[in-house]
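Analysis of the macromolecular model
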Amino acid sequence: MIGLISATAAGAAARDRLAAAWPDRTRVYDGPVGDAVRAAFAECGQLVCFLATGAVVRLIAPLLGDKSADPGVVCVDEGGRFAVSLVGGHGGGANELAVEVGGLLGAKPVVTTATDSVGVAGLDTLGLPVEGDVAAVSRALLDGEPVRLDAEVSWPLPALPVADRGAYVVRVTDRAAQPADGEVLLRPPSLVVGVGASRGAPVDEVLELVEGALREAGLSARSVAELATVAAKSEEPGIVGAAGRLGVPLVTYSAEELAAVAVPNPSGAPLAAVGTPSVAEAAALAGGGELLVPKRKSRRADGRPAMATCAVVRRPVRGRLAVVGLGPGARDLLTPRATAELRRAAVLVGLDQYVDQIRDLLRPGTRVLESGLGAEEERARTAVAEARKGHAVALIGSGDAGVYAMASPALAEASDDIDVVGVPGVTAALAAGAVLGAPLGHDHVSISLSDLHTPWEVIERRVRAAAESDLVVTFYNPRSRGRHWQLPKALEILAGHRKPTTPVGVVRNASRPDESARLTTLAKLDPATVDMMTVVTVGNTATREIAGRMVTPRGYRWQDGGARQDAR
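Now for a description of the structure that goes with this document. What you see is a predicted model; the values in this text were computed from it and never measured.

1. Here's the deal with the pattern of salt bridges
If the charged atoms of two oppositely charged side chains come close together, the side chains can form a pair. For the structure shown, the criterion picks out 25 salt bridges. A salt bridge links Asp16 to Arg15, with the nearest nitrogen and oxygen atoms 3.0 Å apart. Classification of Asp16 by relative accessible area gives partly exposed; the value is 40%. Between Glu183 and Arg171 there is a salt bridge, and its shortest N-O distance comes to 3.9 Å. Here Arg171 lies in strand 9 (residues 168-172) and Glu183 lies in strand 10 (residues 183-186), a separation of twelve residues in the sequence. A network of salt bridges, in which partner residues are shared, links Arg15, Asp16 and Asp30.

Written as structure tokens, this is what we have:
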């Protein structure tokens, strides 16, 4: 919950805008400002104070304890010009909150955390438990001193400016090690603990078994991702309680699923009880991985039979592939989600000219794998291969990556051993449509006229179908120096079903500094004026030119006088 505090009418107005926008995330604190700040500090995970920073500093100073537990505090000035991340930038999420508040109120976010200021990923912002000398290693990264990355367990981290050697170390490990001087340990959620238990097994017995197994194997409990068991035990109090006290989810599998998992130590007892010869080992291995701790039983001080079993597996690393659409080229048409994925990636794969567009957004240490035109399949294979190594990868394409771009070849190459995230972008058809007016107001189709990958016979059949069905048509890849006859042929097909006066929009380099656009007709369009940087949009029988703009009505209730359209 975000506590909102203000002292003046201007502050209250901005406060109320935030409260109206985030009704489920915020709580307004009225009354004397000091009392309100103290109450919100104790009750909320974050605060937004519409007060001077000096006043907030004095109010919260006696309340500050540990930066890992204190709420994040953002200050917004009376004029609503700035949203300042005051304390708890990383741990309390104040940096991200300042950006959110700034976006909503039109204020400029002010973030002074050193790593954020220079674009280096904060070691305490990676979403992993962190131990060791975070301040010293972070300072070394900022100062350009050599910091070594020691990844005992591969994990898809964002880019870090690391070296092969260095006095400082970032170590990614699930081992129960203690950090040395100048070392930070990152704990990836790489371990799965399979658990079985008799009915009524005490939570302490289950927990002691799990913690003892991890300790004796030299593994860190902070790297446990989940407890796993058979579905029949999904509500067993001892197992549920142990998962809760470890702070991890409980995952369950059916007896049939577990019976199909090969294990080294099957037993007749669980087979008779729940229908599978293994619970602990099979549940731990159900998602694959390396068995680190074979099945072991709990020990009871009173000598009675054990009531719990467990096994520990290091699960396979899953790399992450984000397929990112960069939009048509203008920076303000690059989505915030796309920007976030570019900054999350440790490896960037893309066409060289697209890489140049966004190179300044990449974090220091990002490995860039770029290539030229015609290497689409090679880039897709490279991106998938890097993700399979456990890296966080961004594969970029122009427009929307799923429209004549990189998503299709990448997903054809990828299997279910990596995580894939699609990030939509503004397509060329949409960017050109916005320049022309509203040519895509009703049903429409996009067709690429490039026959490098698709036989012309197939393309021609699709153009004829679009012509016969009276669809607005946007042509991608309309003409190049080596392909000059395809566009005239496509226009000839459309002319057999549409009037010569049908509006045609021609947009080159939509949204870029050298953008050009013109509106012509099907009869007057000169294909020689079109190239590969151009999008050609041909209207349907209802499309009109109105005030110099290309407009296709939402419905077919169209009158020549321009009177009435469907007003819904």
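2. With respect to empty space enclosed by the protein
Enumeration over the complete set of coordinates arrives at one cavity of 30 Å³ or more. What the largest cavity holds in volume is close to 30 Å³. Of all the secondary-structure elements, those providing two or more residues to the lining of the largest cavity are strand 16 (320-325), helix 12 (336-344) and strand 19 (392-397). The residue inventory of the lining of the largest cavity, partitioned by class, reads four nonpolar, no polar and three charged.

3. Concerning the nonpolar core
Ranked by internal contacts, the top residues of the largest apolar core, which has 24 residues, are Val193, Val195, Leu214 and Leu227. Contributions of two or more residues to this core are made by strand 11 (191-197), helix 7 (203-216), strand 12 (224-230), helix 8 (237-246) and strand 15 (308-314). For this core, the element with the highest residue contribution is helix 7, accounting for six residues. The residues contacting Val193, other than those within four sequence positions of it, are Val210, Leu214, Val224, Glu226, Leu227, Ala228, Cys310, Ala311 and Val312. Of all hydrophobic cores here, the second largest spans 21 residues; its members include Val463, Val504, Leu525 and Val536.

4. What about the layout of surface pockets?
In this approach, a probe sized like a water molecule rolls over the atoms, and the result shows the empty space that is left. Within this model, the largest pocket holds a volume of roughly 1600 Å³. Along the walls of the largest pocket sit 48 residues, with Tyr354, Glu376, Tyr404, Asn477 and Met532 positioned nearest its centre. Residue assignment for the lining of the largest pocket shows that the elements contributing at least two residues are helix 13 (352-358), helix 14 (376-388), strand 19, helix 15 (407-413), strand 22 (444-448), helix 17 (456-468), strand 24 (503-508) and strand 26 (534-538). Residue composition of the lining of the largest pocket, grouped by class: 21 nonpolar, 19 polar and eight charged.

About the criteria used
Residues numbered from 1 in each chain as written. Predicted model: local features only at pLDDT ≥ 70, side-chain atom pairs only at ≥ 80, totals over all residues. Heavy atoms only, no water. Salt bridge = Lys/Arg side-chain N within 4 Å of Asp/Glu carboxyl O. Buried < 20%, exposed > 50% of the residue type's maximum accessible area, 1.4 Å probe, protein only. Helix = DSSP H or I, 4+ residues; strand = E, 2+ residues; numbered from the N terminus. 1 Å grid on protein atoms, 1.4 Å probe; cavity = no way out; pocket = protein on both sides within 12 Å on 5 of 7 lines; lining within 4 Å. Points joined across faces, edges and corners; volume = space filled by probe spheres on them. Nonpolar A, V, L, I, M, F, W, Y, C, P; charged D, E, K, R; others polar. Core = buried A, V, L, I, M, F, W, Y, C linked by side-chain atoms within 4.5 Å. Contact = heavy atoms within 4.5 Å.

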